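Understanding the architecture of this molecule
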Amino acid sequence: QVQLVESGGGLVQAGGFLRLSCAASGRTFSMGWFRQAPGKEREFVAAISWSGDSTYYADSVKGRFTISRDNAKDTLYLHMNSLKPEDTAVYYCAASLATDPRTRSYEYAYWGQGTQVTVSS
């Protein structure tokens, strides 16, 4: 069983920066970040392989967000730059049972409780 706990969300102005963290307990493989805005479906943001050598990003965040992990600390990160109001959402950390990055929510077995990110214009 894997438990995931996100932190680092908050309120930031457009153009600002936030770093989300996800602390994992238990063995994890590939991991990812998803987000869900009010009234919308959960969407893929970024994913990373177990080794960290391979990453995938949604087109909407490519060039602005960076996913990384520190396996020694069992922690996943999402560095978010140049934030936009449309990035406002609850951000979820997820862990897959696969070693390569996955982009679909059904491919993830474990989920965190989410952390709110609000970007003001």
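Below you will find a few notes about this structure. Remember, it's a predicted structure, so these values are computed and weren't measured experimentally. (Residues numbered from 1 in each chain as written. Predicted model: local features only at pLDDT ≥ 70, side-chain atom pairs only at ≥ 80, totals over all residues. Heavy atoms only, no water.)

Notes on the overall build of the protein chain
- Across its full length, the protein chain holds zero helices and eleven strands.
- At 13 Å, the protein chain has a C-alpha radius of gyration in line with the 14 Å of a compact globule built from 121 residues.
- Expressed as a percentage of the 121 residues in the protein chain, the buried residues total 45%.
- Restricting the contact set of the protein chain to residue pairs at least 6 apart, pairs at least 24 apart contribute 58%.
- In the structure as shown, the protein chain presents an accessible area of about 6,300 Å², 47% of it carried by carbon and sulfur atoms.
- Of the side-chain charges in the protein chain, 12 are positive and 11 negative, and the distance between the mean point of each set is 1 Å. (Helix = DSSP H or I, 4+ residues; strand = E, 2+ residues; numbered from the N terminus. Rg over C-alpha atoms; globule rule 2.2 N^0.38 Å. Buried < 20%, exposed > 50% of the residue type's maximum accessible area, 1.4 Å probe, protein only. Contact = heavy atoms within 4.5 Å. Areas by Shrake-Rupley, 256 points an atom, 1.4 Å probe, with all protein chains shown as cover. Lys, Arg positive; Asp, Glu negative; His and termini not counted. Charge placed at Lys NZ, Arg CZ, Asp CG, Glu CD.)

Considering the environment of Gly 52
- With respect to the helices and strands, the residue Gly 52 is situated in the loop between β5 (43-48) and β6 (55-57).
- Sequence spacing of Gly 52 and Phe 29 is 23 residues, and the spatial spacing of their C-alpha atoms is 10.0 Å.

Some details on the state of the cysteines
- Tallied over the full model, the rule gives one disulfide.
- Cys 22 shares a disulfide with Cys 93; S-S distance 2.0 Å. Judged by the sign of its S-S torsion, about -70°, the cystine formed by Cys 22 and Cys 93 is left-handed. Linking Cys 22 in strand β3 (residues 18-25) with Cys 93 in strand β9 (residues 89-96), this pair joins segments that are 71 residues apart in sequence. Summarising the burial analysis for this pair, Cys 22 and Cys 93 share the class buried. (Disulfide = S-S within 2.5 Å.)

Overview of the packing of aromatic side chains
- Inspection of the entire model under this criterion finds four aromatic pairs.
- An aromatic cluster of at least three residues, connected via ring pairs, comprises Phe 34, Phe 44, Tyr 108 and Trp 111.
- Just above the ring of Tyr 92 sits the side chain of Arg 42; from NZ or CZ to the centre is 4.0 Å.
- In this structure, Arg 42 is placed above the aromatic ring of Trp 111, and the distance from its NZ or CZ to the ring centre is 4.7 Å. (Phe/Tyr/Trp six-rings, centres within 6.5 Å; stacked < 30°, edge-to-face > 60°. Lys NZ or Arg CZ within 6 Å of the ring centre and 35° of its normal.)

Considering the pairing of β3
- Here strand β1 (residues 3-7) pairs with β3 via five bridges, running antiparallel. Each bridged residue has a counterpart across the sheet, and for Glu 6 the counterpart in β3 is Cys 22. (Pairing = 2+ DSSP bridges.)

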